[in-house]
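Residue-level structural notes
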There are 2 protein chains.
Amino acid sequence: MAVQVTETATTPAVALGPAAALSCRECGQRFPLGPIFACQECFGPLEVAYDLPSGDPESLRKRIEAGPHNIWRYAPLLPVPADVADKPNLNPGFTQLVKADRLAAELGVTGGLYVKDDSGNPTHSFKDRVVAIAVEAARAFGFTTLSCSSTGNLAGAVGAAARRAGLKSCVFIPHDLEAGKVVMAAVYGGDLVGIEGNYDDVNRFCSELIGDPLGEGWGFVNVNLRPYYGEGSKTLAYEICEQLGWQLPDQIVIPIASGSQLTKIDKGFKELIALGLVEDRPYKIFGAQAEGCSPVSAAFKAGHDVVRPQKPNTIAKSLAIGNPADGPYVLDIARRTGGAVEDVDDGQVVDAIKLLARTEGIFAETAGGVTVGVTKKLIEDGLLDPALTTVVLNTGDGLKTLDAVAAGPTATIRPDLDAFRAAGLAG
Amino acid sequence: MAVQVTETATTPAVALGPAAALSCRECGQRFPLGPIFACQECFGPLEVAYDLPSGDPESLRKRIEAGPHNIWRYAPLLPVPADVADKPNLNPGFTQLVKADRLAAELGVTGGLYVKDDSGNPTHSFKDRVVAIAVEAARAFGFTTLSCSSTGNLAGAVGAAARRAGLKSCVFIPHDLEAGKVVMAAVYGGDLVGIEGNYDDVNRFCSELIGDPLGEGWGFVNVNLRPYYGEGSKTLAYEICEQLGWQLPDQIVIPIASGSQLTKIDKGFKELIALGLVEDRPYKIFGAQAEGCSPVSAAFKAGHDVVRPQKPNTIAKSLAIGNPADGPYVLDIARRTGGAVEDVDDGQVVDAIKLLARTEGIFAETAGGVTVGVTKKLIEDGLLDPALTTVVLNTGDGLKTLDAVAAGPTATIRPDLDAFRAAGLAG
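These numbers come from a predicted model, not from an experiment. (Residues numbered from 1 in each chain as written. Chains lettered and ligands numbered in written order. Predicted model: local features only at pLDDT ≥ 70, side-chain atom pairs only at ≥ 80, totals over all residues. Heavy atoms only, no water.)

Now for the packing of helix α12 (residues 346-360) of chain B against helix α13 (residues 366-380) of chain B. Residue and element names in this part refer to chain B. As a packed pair, α12 and α13 sit with axes 7 Å apart at the nearest point and diverge in direction by 90°. Here α12 is positioned roughly perpendicular relative to α13, judged by the angle of their axes. Contacts between α12 and α13 involve V349, A352, I353, L355 and L356 from the first element and T366, G369, V370, V372, G373 and K376 from the second. For the contact of α12 with α13, the class distribution of residues is seven nonpolar, three polar and one charged. (Axes fitted to C-alpha atoms, helices over the stretch in contact; angles between N-to-C directions. Helix = DSSP H or I, 4+ residues; strand = E, 2+ residues; numbered from the N terminus. Parallel < 35°, antiparallel > 145°, perpendicular 65-115°, else oblique. Contact = heavy atoms within 4.5 Å. Nonpolar A, V, L, I, M, F, W, Y, C, P; charged D, E, K, R; others polar.)

Now the structure itself:
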C-alpha cells in the first residue's frame, strides 16, 4: 500500500507517462504494464506503481497550475501519455469544490464544509474520471472495443468516452436500472446489454466473458483495465487539495461501492505529501454506504477485517455492490486514519438529497444523499468533528435518479391572478 | 444596438460594476439602473449600457485569464459588483468548447467544427449564466424572492441559484413539461406553480403578476430583471472567443427561443472587437428553430421584418416560444452578418441528437438537436460554408428530455455466455 515515489523502473512496454509497472497490493510482486489485473503469484489485485517526478515541489505545482482545467493538469502523476491532452477525450474533472456555508449551518459544521460536486463532469458522474484514464490504457494496448459492467453511471461514461475517442463499445448493466441511466447508456449508439440479475451477477458474467474468446480484444475498463481505471479517482484528491489552496482537508466523506474510489483518494493524498505539494498532517477518511447495501459498514462496526457479501436492496443503486472488491482496504484506511464507515437508510438518503438541494442548490444522485446523510449522522454521533475542515463528495447527478425524490409543483392553476391568490403562495 | 464603450455615465444608484445605465433598444433613451424593463418613452425593451474598461487590451486580457474558471472572469464586462466571485452563487460558465472532428467528418466541415457544450453548467443548461447575473441584480435591488416564467431549464436554474444565494423562489411553468425538468424545478424546495397553458400563457400571467400587489418585491429574472439577465448570454461569446485563442469564429449556429441569447452573443462579439480583444473581421450568425415553433425562421424566409406569432407544437419545448420578444432583432442580425434562420422537423431533431451522441459522446437536449440538425441542413443548402470555422451551441442536457429519444438495451439476456453468444453482439 506504500506509495513508491522513486524506484528502479521496469522498462515499460507502453508509454503511459510516469507509470513504471503494475505491482500487487498483497505481495508486492511487480509486472510490466499490460491489460492484467490479478497477481500471477498470489491472485492479489494489481495497481500502478510510478516513477513520480522528483525535484522542486514548487516547479511541479506551477506546471500543474498552468495545465488545462481538467484532470490532465495532473498528467505527470497519472498513467497516461505525456500528450494526453491533445487526444480526443471527454476531458473530465476540475469540478467545483463548493463552499457549503448554508449546509454547514444546518449541520452545525463550523470548521468549513465543502461539497466536491462531480455532477459537473461530462456525463455527470465521477466515472468520467476513471474512464478517461482507461481510454488511454485501451489505446496503449490496442483495444478497439471498450466494455464494462455497470450500475449505470459507468455505462454512460463508457458509451460517451468510447465515441469521443473513436472506439466501439459494449456495456453490461442490470436490467432494472433507472430510466435516465438506461437511455444515457444507450444513446451514444454502442451496444448495451441488460443482464437479468443484479450488479454482482453482471460483474461475474463479465469476468467469465473476459476469459472467453468472445471477449477477446475487449478492454473492460473495470476488469482488465482496472489497475489504470482506478487511478482516475486520485484526481479527486489532487483537485480537492489544490482547490483548498494546496492543503489536505481534515476530514473527507466518500461513498463506497466497490471501495476503489476511497482507496485511491487516500493514495492521492499520500502522493501529494510524498511530493511535497501539501504539508504532511493527519487526515481522517470516512466511508458512506446505504443501509440496504452496507457490507463494509457492517464489517467496520463489527471490528472485522474481512467483508461478508450482502444482497443489495437500496435506492442508491450506484452504490449497490454487495461484494465490494476493495472492502478490506477501505476498512484498513478508515481505521488507520481515525475515520469510520457508516450507513443511512433510504429515507435518510432522500432527506439528505433534499437537504443538499434546498441549502446549496445542488441536486445530487442517491449516492450524494448517502454521503450527506452519513455526514449528518457522523456529526450527531460525535465521530466527525464539526470544528474541522470537512469535504463531502457528491459523485453523481439527481437527474439520473429522479424516481428517488417525489418532487412536483406546489400548485397547478389556471393562468389568472384570482387562481394564484386562491393558491395562497403569494408574498 | 451599438456598443457604447465609453460615455458620460449616469451615476448609478446601485453598484453593478461597469453597468452605467439602462438604454432603450428602440429610441436610445437612458434610465438609471433599476428593476425596469420597458422604455417609459416608447415602451421599447431596455438593455444595459456600459462604461467598459478603456486602455491596453493586453492588460485586460491578462486580467481575464487570471480570473476564476467561470463567468466571473469576465466581471469587468458584466453588470455585476466587483466582488461578485466572493458571494455564494452557482458560478456557471467556462464550459467546454469541444473540437468536434468526428461530427465534422460526418457533416463535411473542413474548416474546424466546435460544439460549445453548456450541459456542463451546474443545472446543465445555459440558463445558469443568465440567472447568475439576475441574482446579483436581485441582491442589488433588495428582492428576496426570485421568480420566472419558464419552459423548464430556467425553472431549475432559478430554483438552484436562489437556494445557493439564500433567496426564496417561486417559479411558473407550463403544466405539461418533461418529468426531469419538473423534478429539477421542484427539488430545491422553493414554490413551483404549474400553469394550465403553454409558455406564452405562463409569460402573460407573469406580466400580469408583476403589475399586481401579489408580485410586489419579487425579482422576475426574465421580466423586471430581464435587462441584466440577458447580459449573461454575452459570456458565451466571450468564452468561445477566448477558447478559440482570442479569435472570432467565422460562423456560429444559435438556437432561438425568445431570441435574446442570439442578440447578446452578437453584442458580446462586438464588445470584444471594440475593446481590441479580438481582431475585427466578419462573422456570420445563424439562428435555429424547430419547425413546430418557427416564427423567426418563417419571417426570415418570407423577407419580413416582423415576426408573426405561432402556436408551438414541437418536442423542442425549451425553444417553444411562439411569440419571441427578440424576433425582429434576430432577423436584423442574421441579415446584417450574412447568416440565416432555418428550422428542422422533430424527426430531424432526434436524428441530430443521436448524431451528436454517436460522433462526439455529447448527449444534448432537444435544443441541441435543433442546432446540430439546422447546421446539417444549412451545409446541405449551401448557406453555411464548410471550409470556415464553425461553432454550434448545445445549450442543454439530454437527461432532461429523455422521452425525445427512444434508446434502450440492444439485448436483455441471462448472465451466461451462451445467452450472450446467441444475442450475436460479440466481436
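Let's shift gears to the UniProt feature "modified residue: N6-(pyridoxal phosphate)lysine" (unreviewed entry) in chain A. All names here are of chain A. The UniProt feature table records "modified residue: N6-(pyridoxal phosphate)lysine" (unreviewed entry) at K127. Relative to the helices and strands, K127 is located in helix α3 (residues 127-141). Take K127: its relative accessible area is 18%, and that puts it in the buried class. Beyond its immediate sequence surroundings of up to four residues, K127 is in contact with N153, L154, A157 and Y229. (UniProt positions renumbered as here; feature names shortened; annotations may be inferred. Buried < 20%, exposed > 50% of the residue type's maximum accessible area, 1.4 Å probe, protein only.)

This paragraph deals with the interface of chain A and chain B. Listed by partner, the interface residues are 69 residues for chain A and 69 residues for chain B. Between chain A and chain B the total buried area reaches about 6,000 Å² when both faces are included, carbon and sulfur atoms providing 64% of it. Here R421 of chain B and D212 of chain A are joined by a salt bridge, their closest N and O atoms 3.8 Å apart. At the junction of chain A and chain B, the tally comes to 24 residue pairs in polar contact (both at pLDDT 80 or more). When contributions to the side of chain A that touches chain B are tallied by element, the ones reaching two or more residues are α4 (153-165), β7 (168-174), α5 (179-186), β8 (191-195), α6 (199-210), α12 (346-360), β14 (411-413) and α14 (417-423) of chain A. With six residues, α5 of chain A is the single largest residue contributor to the side of chain A that touches chain B. Residue composition of the side of chain A that touches chain B, grouped by class: 36 nonpolar, 17 polar and 16 charged. The sheet contact formed by β8 of chain A and strand β14 (residues 411-413) of chain B spans three bridges and is parallel. Along β14 of chain B, the bridge assignment pairs I195 of chain A with I413 of chain B. (Buried area = accessible area lost by both parts, 1.4 Å probe. Salt bridge = Lys/Arg side-chain N within 4 Å of Asp/Glu carboxyl O. Polar contact = N/O pair within 3.5 Å; in protein donor to acceptor, adjacent residues only side chain to side chain. Pairing = 2+ DSSP bridges.)

It is worth spelling out helix α1 (residues 57-65) of chain A at this point. Residues and elements named next belong to chain A. Among the residues making up α1, those that are buried are L60, R61 and I64. Down the axis of α1, the buried set is contained in an arc of 100°. They therefore lie on one face. In α1, the exposed positions angled more than 90 degrees off the buried face are occupied by K62 and R63. Buried positions along α1 lie against α8 (234-243). Where α1 begins, the side chain of D56 points an oxygen toward the backbone nitrogen of E58, at a separation of 3.1 Å. (Arc of directions from axis to C-beta.)

Our focus in this paragraph is the sheet that holds strand β2 (residues 30-31) of chain A. Residues and elements named next belong to chain A. Strand order in the open sheet made by the three strands is β2-β1-β3, with antiparallel pairing throughout. The strands lining the two open edges of the sheet, one partner per strand, are β2 and β3 (46-50). As defined by bridge partners, strand β1 (residues 19-24) adjoins β3 across five bridges and the pair is classed as antiparallel. For L22, the partnering residue across the bridge sits in β3 and is V48.

The full count for this structure, using the stated rule, is zero disulfides over all chains. Here C39 of chain A stays unpaired: no disulfide links it, and the sulfur of C27 of chain A, its closest cysteine neighbor, is 3.6 Å away. Given a relative accessible area of 1%, C39 of chain A falls into the buried group. For the unlinked cysteine C148 of chain B, the closest cysteine sulfur is that of C206 of chain B, found at 7.3 Å. (Disulfide = S-S within 2.5 Å.)

Glancing now at the pattern of salt bridges. Taken as a whole and assessed by the stated rule, the structure comprises 62 salt bridges over all chains. Among the salt bridges present, the one from D101 of chain B reaches K99 of chain B, with a minimum N-O distance of 3.0 Å. With a relative accessible area of 45%, D101 of chain B lands in the partly exposed category. The partner of R421 of chain B in a salt bridge is D418 of chain B, and the shortest N-O contact between them spans 2.9 Å. Of the two residues, R421 of chain B and D418 of chain B both sit in helix α14 (residues 417-423), three residues apart, roughly one turn of that helix. The class of R421 of chain B is partly exposed, set by a relative accessible area of 42%. Given a relative accessible area of 53%, D418 of chain B falls into the exposed group. The network of salt bridges with shared partners includes E47, E231, K234, K264, K267 and E271 of chain A.

What follows is about the environment of L272 of chain A. Residue and element names in this part refer to chain A. Within the secondary structure, L272 is located in helix α9 (residues 260-274). As a C-alpha pair, L272 and Q247 span 25 residues in sequence and 9.5 Å in three-dimensional space. Discounting chain neighbours no more than four positions away, the residues touching L272 are L77, A237, Y238, C241, L277 and V278.

This part takes up the sheet that holds strand β3 (residues 46-50) of chain B. The three strands are arranged β2-β1-β3 (chain B) in an open sheet whose pairing can be described as antiparallel. On the outer flanks of this sheet lie β2 (30-31) and β3 of chain B, each paired with one strand and no other.

This paragraph deals with the UniProt feature "domain: Tryptophan synthase beta chain-like PALP" (unreviewed entry) in chain A. In the numbering adopted here, UniProt assigns the feature "domain: Tryptophan synthase beta chain-like PALP" (unreviewed entry) to residues 92-396 of chain A. Secondary structure content for residues 92-396 of chain A is 44% helix and 16% strand, and the end C-alpha separation is 13 Å.

Moving on: the pairing of strand β5 (residues 113-117) of chain B. Strand residues, when the strand is regular, have side chains that alternate between the two faces of the sheet. All names here are of chain B. The element β5 is largely enclosed, with a buried count of five among its five residues. Here β5 shows a buried face lined by L113, V115 and D117 and a second buried face lined by Y114 and K116. In this sheet, β5 lies alongside strand β4 (residues 97-99) in antiparallel orientation, the contact comprising three bridges. Note that in β5 the partner of L97 across the bridge is K116.

Once that is clear, we can look at the packing of aromatic side chains. Summed over all chains, the structure comprises 18 aromatic pairs over all chains. Measuring from ring centre to ring centre gives 6.4 Å for Y188 of chain A and F363 of chain B, while their planes differ by 75°; the resulting arrangement is edge-to-face. A residue pair is termed interchain when its members come from two chains, as with Y188 of chain A in the loop between α5 and β8 and F363 of chain B in the loop between α12 and α13. Given a relative accessible area of 4%, F363 of chain B falls into the buried group. Put simply, the rings of F172, F205, W218 and F220 of chain A together with F420 of chain B touch in pairs and so form one group of aromatic residues. Here the basic side chain of R73 of chain B rests over the ring of F94 of chain B, its NZ or CZ set 4.0 Å away from the ring centre. (Phe/Tyr/Trp six-rings, centres within 6.5 Å; stacked < 30°, edge-to-face > 60°. Lys NZ or Arg CZ within 6 Å of the ring centre and 35° of its normal.)

Residue and element names in this part refer to chain B. Compared with an ideal rise of 1.5 Å per residue, which puts 15 residues at 21 Å, α13 spans 21 Å between its outermost C-alpha atoms and is within 8% of the ideal. Burial of α13 is extensive: twelve of the 15 residues sit out of reach of the surface. Residues T366, A367, G368, G369, V370, T371, V372, G373, V374, T375, L378 and I379 constitute the buried set of α13. Where α13 is buried, its residues touch α2 (101-107), β10 (251-255), β11 (284-290), β12 (341-344), α12 and β13 (390-394). Once α13 finishes, G382 follows within two positions and takes phi at roughly 75°, a positive value. (Expected span 1.5 Å × (residues − 1).)

This next bit is on the domain arrangement of chain A. Residues and elements named next belong to chain A. Here the domain parsing of chain A yields domain 1 (97-122 + 232-404) and domain 2 (127-229). Computed over C-alpha atoms only, the centres of domain 1 and domain 2 are separated by 25 Å. Domain 1 puts 23 residues into the contact, and the matching count from domain 2 is 17 residues. Here domain 1 and domain 2 share three salt bridges between them. One salt bridge in this structure joins R129 and E239, with 2.8 Å as the shortest N-O distance. Across the contact surface, domain 1 and domain 2 share eleven residue pairs in polar contact (both at pLDDT 80 or more). Sorting elements by how many residues they give to the side of domain 1 that touches domain 2 places α8 first, with three residues. For the side of domain 1 that touches domain 2, the class distribution of residues is six nonpolar, ten polar and seven charged. (Domains from an automatic or database assignment.)

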